[in-house]
Amino acid sequence: MTVTAPDPLTREGAVSQLRRHSDIEVRDKPGHGSVALLVEDGLGKDAFARLRRIVRGEGTRTVLVVGTIRENELLDVIECGVGAIVWRREATGHRLAQAIRVAARGEGDLPADLLGRLISQVGTLHRGAAGRAGTSTLGLAPREADVLRLVADGFDTAEIAGKLSYSERTVKNVMHGLTTRLHLRNRAHAVAYALRQGYI
């Protein structure tokens, strides 16, 4: 994994915290499919440019450590493909390692208050989409919509499998097929996409 920060002191602090976890290897150069940790105070134009470069240009799964996110930035961050968000005030070594492991698995990890804000924003978008003609669930197979609804409700793979009477492998295959077909980066991106499009 790699660490990008606005200044050397912040970067070295994050690296120092992560070196305490033997299962996390910090590198100078990203590799395809690796995890990138981006530390920012806020999400101005330059921060979004760094975020997009990391996610798209380097093909990595991204953990964003940020001080603040404005309402109008949250969906943009998710749609960029960020897999996990950690508040800077909560960014202990243990919390960073947890978010990195989740992102490495291709899953999502959002603070509870951000998840609530995301659901509220997407609910508003969904209600707006429901009033437009032509909005339907034809873009998703019924089992894909079922799995995404449970992902949106915060259930993990094992819980989804239990609720739908699927194997965990089936749930993973459904998510993989969906994210591959729609060119989505991770579960959080899939949920944001499906909600924004009115599929769930």
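Quantities reported herein were computed from a predicted structural model and do not represent experimental measurements.

## A few points about the overall build of the protein chain
When helices and strands are tallied, the protein chain shows 9 helices and 4 strands. The buried share of the protein chain, reckoned over its 200 residues, is 46%. If you take every contact in the protein chain between residues at least 6 apart in sequence, the share linking residues at least 24 apart comes to 66%. With an accessible surface of roughly 10200 Å², the protein chain has 50% of that area assigned to carbon and sulfur atoms.

## Observations regarding the sheet that holds strand β2 (residues 35–40)
Spatially, β1-β2-β3-β4 is the arrangement adopted by the 4 strands of the open sheet, whose pairing is parallel. Every interior strand has two partners, whereas the edge strands, β1 (2–4) and β4 (82–87), have only one. Pairwise comparison of adjacent strand axes, ignoring direction, gives a mean angle of 20° for this sheet. Inspection of the sheet shows strand β3 (residues 61–66) paired to β4 by 5 bridges, in the parallel sense. Its bridge partner being in β4, Leu64 is matched across the sheet by Ile85. Of the strands in this sheet, β3 and β4 touch helix α3 (residues 71–80), which is tilted by about 135° from β4.

## A closer look at the packing of aromatic side chains
In this structure the tally under the stated criterion is 0 aromatic pairs. Here the basic side chain of Arg143 rests over the ring of Tyr166, its NZ or CZ set 5.3 Å away from the ring centre.

## Some details on the confidence of the model for the protein chain
The pLDDT averaged across the protein chain works out to 82; a share of 87% of its residues lies at or above 70. Across the protein chain, element-level confidence peaks in helix α1 (residues 8–18) with a mean pLDDT of 92 and bottoms out in helix α5 (residues 112–130) with 66. Contacts for the low-pLDDT stretch residues 131–138, under 50 throughout, to residues beyond four places or in other chains number 7 contacts.

## Describing the pattern of salt bridges
Side chains that carry opposite charge are capable of pairing whenever their charged atoms lie near each other. Taken as a whole and assessed by the stated rule, the structure comprises 11 salt bridges. Shared partners join several salt bridges into a network, and the residues in it are Arg11, Glu12 and Asp28.

## Describing the nonpolar core
Counting residues in each nonpolar core, the largest one holds 24 residues, and the members touching the most others are Leu43, Leu51, Ile69, Val77 and Ile85. Broken down by secondary-structure element, the contributors of at least two residues to this core are β2, α2 (45–57), β3, α3, β4, α5 and α9 (187–196). Apart from residues lying up to four places away in sequence, Leu43 is in contact with Phe48, Leu64, Val66, Thr68, Ile69, Arg70, Glu73 and Val77.

## A look at the environment of Asp146
Turning to its location among the elements, Asp146 is positioned in helix α6 (residues 142–152). Taking relative accessible area as the criterion, Asp146 reaches 30% and is therefore assigned partly exposed. In this structure, the C-alpha to C-alpha distance between Asp146 and Ile160, residues 14 residues apart in sequence, is 9.1 Å.

## Points about the packing of α6 against helix α8 (residues 168–181)
Helix-helix packing: each pair is described by the crossing angle between the helix axes and the interaxial distance. Two elements in contact, α6 and α8, have axes whose closest approach is 10 Å; the angle formed by their N-to-C orientations is 100°. Our classification of the angle between α6 and α8 gives roughly perpendicular. Every residue of α8 that contacts α6 at Arg143, Glu144, Val147, Leu148 and Val151 is listed here: Thr170, Val171, Val174, Met175, Leu178 and Arg181.

## A look at the side chain of Ser34
Of note, Ser34 is situated in the loop between α1 and β2. Ser34 gets classed as buried once you look at its relative accessible area, which sits at 13%.

Basis of the calculations
Residues numbered from 1 in each chain as written. Predicted model: local features only at pLDDT ≥ 70, side-chain atom pairs only at ≥ 80, totals over all residues. Heavy atoms only, no water. Helix = DSSP H or I, 4+ residues; strand = E, 2+ residues; numbered from the N terminus. Buried < 20%, exposed > 50% of the residue type's maximum accessible area, 1.4 Å probe, protein only. Contact = heavy atoms within 4.5 Å. Areas by Shrake-Rupley, 256 points an atom, 1.4 Å probe, with all protein chains shown as cover. Pairing = 2+ DSSP bridges. Axes fitted to C-alpha atoms, helices over the stretch in contact; angles between N-to-C directions. Phe/Tyr/Trp six-rings, centres within 6.5 Å; stacked < 30°, edge-to-face > 60°. Lys NZ or Arg CZ within 6 Å of the ring centre and 35° of its normal. pLDDT = per-residue confidence, 0-100. Salt bridge = Lys/Arg side-chain N within 4 Å of Asp/Glu carboxyl O. Core = buried A, V, L, I, M, F, W, Y, C linked by side-chain atoms within 4.5 Å. Parallel < 35°, antiparallel > 145°, perpendicular 65-115°, else oblique.

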